[in-house]
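Single-letter residue listing:
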Amino acid sequence: MKKTGSRVRPVFAHIVLILLSFMCLFFFYVLIINATRSHGDLQKGFSALPGKYFLQNLKNVANDGSFPMFRGILNSVIVSSCSAALCTYFSSLTAYGLYAYEFKARKVAFTFIMAILVMPTQVTAMGFLRLMTKMGLYDSLLPLIIPSIASPAVFYFMYSYLQSSLPLSLVEAARIDGSGEFHTFNRIVLPIMKPAIAVQAIFTFVGSWNNYFVPALIIQSKNKMTVPILIATLRGADYMSFDMGKIYMMITVAIVPIIIVYLLLSKYIIAGVTLGGVKE
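The residue numbering used here restarts from 1 in each chain and proceeds along that chain's sequence as written. With the structure being a predicted model, the display of local features is reserved for residues of pLDDT at least 70 and the display and counting of side-chain atom pairs for 80 or more, all residues being used for whole-chain, interface and lining totals. Only heavy atoms go into the side-chain values, all of them from the structure, while hydrogens and water stay out.

Looking at the overall build of the chain
Just so we agree on the cut-off: What counts as a helix is a DSSP run of H or I of at least four residues, what counts as a strand is a run of E of at least two, and both are numbered from the N terminus. Each residue is assigned to one of three classes by its accessible area relative to the maximum for its type, calculated with a 1.4 Å probe on protein chains only: buried under 20%, partly exposed between the two thresholds, exposed over 50%. Contacts: residue pairs with any heavy atoms within 4.5 Å of one another. All accessibility values rest on the Shrake-Rupley procedure with a 1.4 Å probe; residue burial counts only the protein chains present in the view.
For the chain, the count of helices and strands is 15 helices and zero strands. For the chain, the residues scored as buried account for 37% of the 280 residues in total. When contacts within the chain are restricted to residue pairs at least 6 apart in sequence, those whose partners lie at least 24 apart make up 75%. When the accessible surface of the chain is summed, it comes to about 16900 Å², and 70% of that surface belongs to carbon and sulfur atoms.

Below, the structure is given as structure tokens:
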């Protein structure tokens, strides 16, 4: 009986994993299939077979004069990449400062950062918009990048990771050897935090890429619009005249950079299982 049970469990686990993988990938399959079909075919209902309008839909999207598709993708890449880089670096630096240094306001600072975590973006949206307008940053990409420096959620993740993977004796040894604080952080701490940085870089990149609320408040010029705003404008003012094939094609093209970023950083996520650092 024990041998039978030990054989059934792996089979059951593989079946569950196959079903979950199918459920996750099925939506991507439907998206790609719909991108190959025309608007008329899409109105007829679902089809599991690809159509013959992939290149035509791509040409329609690329040649549509109502919005700059490739410029929008470039804007999203710039905003998302800069946001991911700034967010992960400065959140890691803040987490390292609160973890490695003992000072009186340490607990107060940690509590304050955690309090900001529960504050929704919509509550501060109007104040943020007025501030950006007074600073002359309205209709600019900078308001979409600079606020990403302060991310309480990423800070807390980095802080928790440091607690589990960075022994303070390593930092103290570096100080004894004459290493400066920024040199210690950049050359010793950051390499240890690569798995955590990779995970949060992906989350931050995807979150910034899919962000619609803040860009819709700030951006007005078509040449500065990001991908979510462009996808929304595809429907146009006339609901009956939009092309569903173009919308699915735009979404298909828009997810390509996200897949590339994930493939580039996935090896660090796998390395995160070992916590990639020296332990006491």
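Things to note about the pattern of salt bridges
Rules: The salt bridge definition used is simple: a Lys or Arg side-chain nitrogen within 4 Å of an Asp or Glu carboxyl oxygen.
Under the criterion given, the structure shown has three salt bridges. Between R106 and E102 there is a salt bridge whose closest N-O contact spans 2.6 Å.

Considering the packing of helix α4 (residues 69-100) against helix α9 (residues 168-176)
Spelled out, the test is: Here the axes come from fitting lines to C-alpha atoms, over the contacting stretch only for helices, and the angles between their N-to-C directions go from 0 to 180 degrees. Comment on the angle field: the value is read as roughly parallel under 35 degrees, roughly antiparallel over 145, roughly perpendicular from 65 to 115, and oblique elsewhere.
Two elements in contact, α4 and α9, have axes whose closest approach is 11 Å; the angle formed by their N-to-C orientations is 90°. Between α4 and α9, the angle falls in the class roughly perpendicular. Contacts between α4 and α9 pair Y96, Y99 and A100 from the former with L168, V171 and R175 from the latter.

Quick notes on the nonpolar core
Put simply, the rule reads: For the purposes of this section, nonpolar cores are sets of buried Ala, Val, Leu, Ile, Met, Phe, Trp, Tyr and Cys residues that join through side-chain atoms within 4.5 Å.
Membership of the largest hydrophobic core comes to 31 residues, with the highest contact counts inside it found for W209 and I219. Broken down by secondary-structure element, the contributors of at least two residues to this core are α4, α6 (125-134), α7 (142-145), α11 (194-210), α12 (213-218), α13 (227-233), α14 (244-254) and α15 (256-271). At five residues, α11 tops the list of elements feeding residues into this core. Setting aside its immediate chain neighbours within four residues, W209 contacts I73, S76, V77, S80, V227, P228, A254, P257 and I258. M158, L162, V171 and V189 belong to the second-largest nonpolar core, a separate cluster that totals 23 residues.

Digging into unusual backbone geometry
Here D139, not a glycine, exhibits a phi torsion of approximately 60°, which is positive. Topologically, D139 is positioned in the loop between α6 and α7.

Side note on the confidence of the model for the chain
Heads up, the condition is: A residue's pLDDT is simply how confident the predictor is in it, with values from 0 to 100.
On average, residues of the chain carry a pLDDT of 83, and 89% of them reach 70 or more. Segment residues 274-280 is flagged for pLDDT under 50; beyond a separation of four residues in sequence, or across chains, it makes 14 contacts in the model.

A few points about α11
Spelled out, the test is: Each helix should span, by expectation, one fewer than its residue count multiplied by 1.5 Å.
Across its 17 residues, α11 extends 24 Å between first and last C-alpha, which sits within 8% of the 24 Å expected from 1.5 Å per residue. Among the 17 residues that make up α11, 12 are buried, leaving the element largely enclosed by the rest of the structure. If you check which residues of α11 are buried, you get P195, A196, I197, A198, V199, Q200, A201, I202, T204, F205, S208 and W209.

What to know about the side chain of D139
The condition that has to hold: Positive charges come from Lys and Arg, negative ones from Asp and Glu, while His and the chain ends are left out of the count. For the purposes of these results, a polar contact is taken to be a pair of N or O atoms within 3.5 Å, where, inside protein, one atom must be able to donate a hydrogen and its partner to accept one; residues adjacent in sequence count only when each atom of the pair is a side-chain atom.
K224 provides the closest opposite charge to the buried, salt-bridge-free D139, at an N-O distance of 4.5 Å. A polar contact is formed between the side chain of D139 and the backbone nitrogen of Q220, at a distance of 2.9 Å.

A look at a nonpolar patch on the surface
Here is the rule: Patches here are clusters of residues that have more than 30% relative accessible area and form no salt bridge, with a 9 Å joining cutoff for like charges and a 5 Å cutoff for nonpolar side chains (Val, Leu, Ile, Met, Phe, Trp, Tyr).
Together, V8, F12, V16, L17, L20, F22, M23, F26, F27, Y29 and F46 make up a nonpolar patch on the protein surface, roughly 1200 Å² of accessible area in all. By secondary structure assignment, the location of V16 is in helix α1 (residues 2-35). Take V16: its relative accessible area is 33%, and that puts it in the partly exposed class.

Examining the packing of helix α3 (residues 54-62) against α14
The axes of two packed helices give the description: the angle between them and the distance between them. Note the threshold: For this classification, Asp, Glu, Lys and Arg are treated as charged, while Ala, Val, Leu, Ile, Met, Phe, Trp, Tyr, Cys and Pro are nonpolar and the rest, including Gly, are polar.
Relative orientation of the contacting elements α3 and α14 amounts to 85°, with a least axis distance of 9 Å. For the element pair α3 / α14, the angle class is roughly perpendicular. Counted together, F54, N57, L58, N60 and V61 of α3 and G245, K246, M249, M250 and V253 of α14 form the full contact between these two elements. The residue makeup of the contact of α3 with α14, split by class, is six nonpolar, three polar and one charged.

Description of the packing of aromatic side chains
Selection rule: Planes of paired rings set the category: under 30 degrees apart is stacked, over 60 is edge-to-face and the rest tilted, where pairs are Phe, Tyr or Trp rings (Trp by its six-membered ring) whose centres lie within 6.5 Å.
Across all of its chains, the model carries 13 aromatic pairs by this definition. Seen in terms of ring centroids, F26 and F46 are 6.3 Å apart; in terms of plane orientation they differ by 50°. Their pairing is tilted. One end of the pair, F26, is in helix α1; the other, F46, is in the loop between α2 (39-44) and α3, with 20 residues separating them in the sequence. Taking the relative accessible area as the measure of exposure, F46 reaches 54% and is therefore exposed. Cluster of aromatic residues (ring-pair linked, three or more members): Y89, F90, Y96, Y101 and F185.

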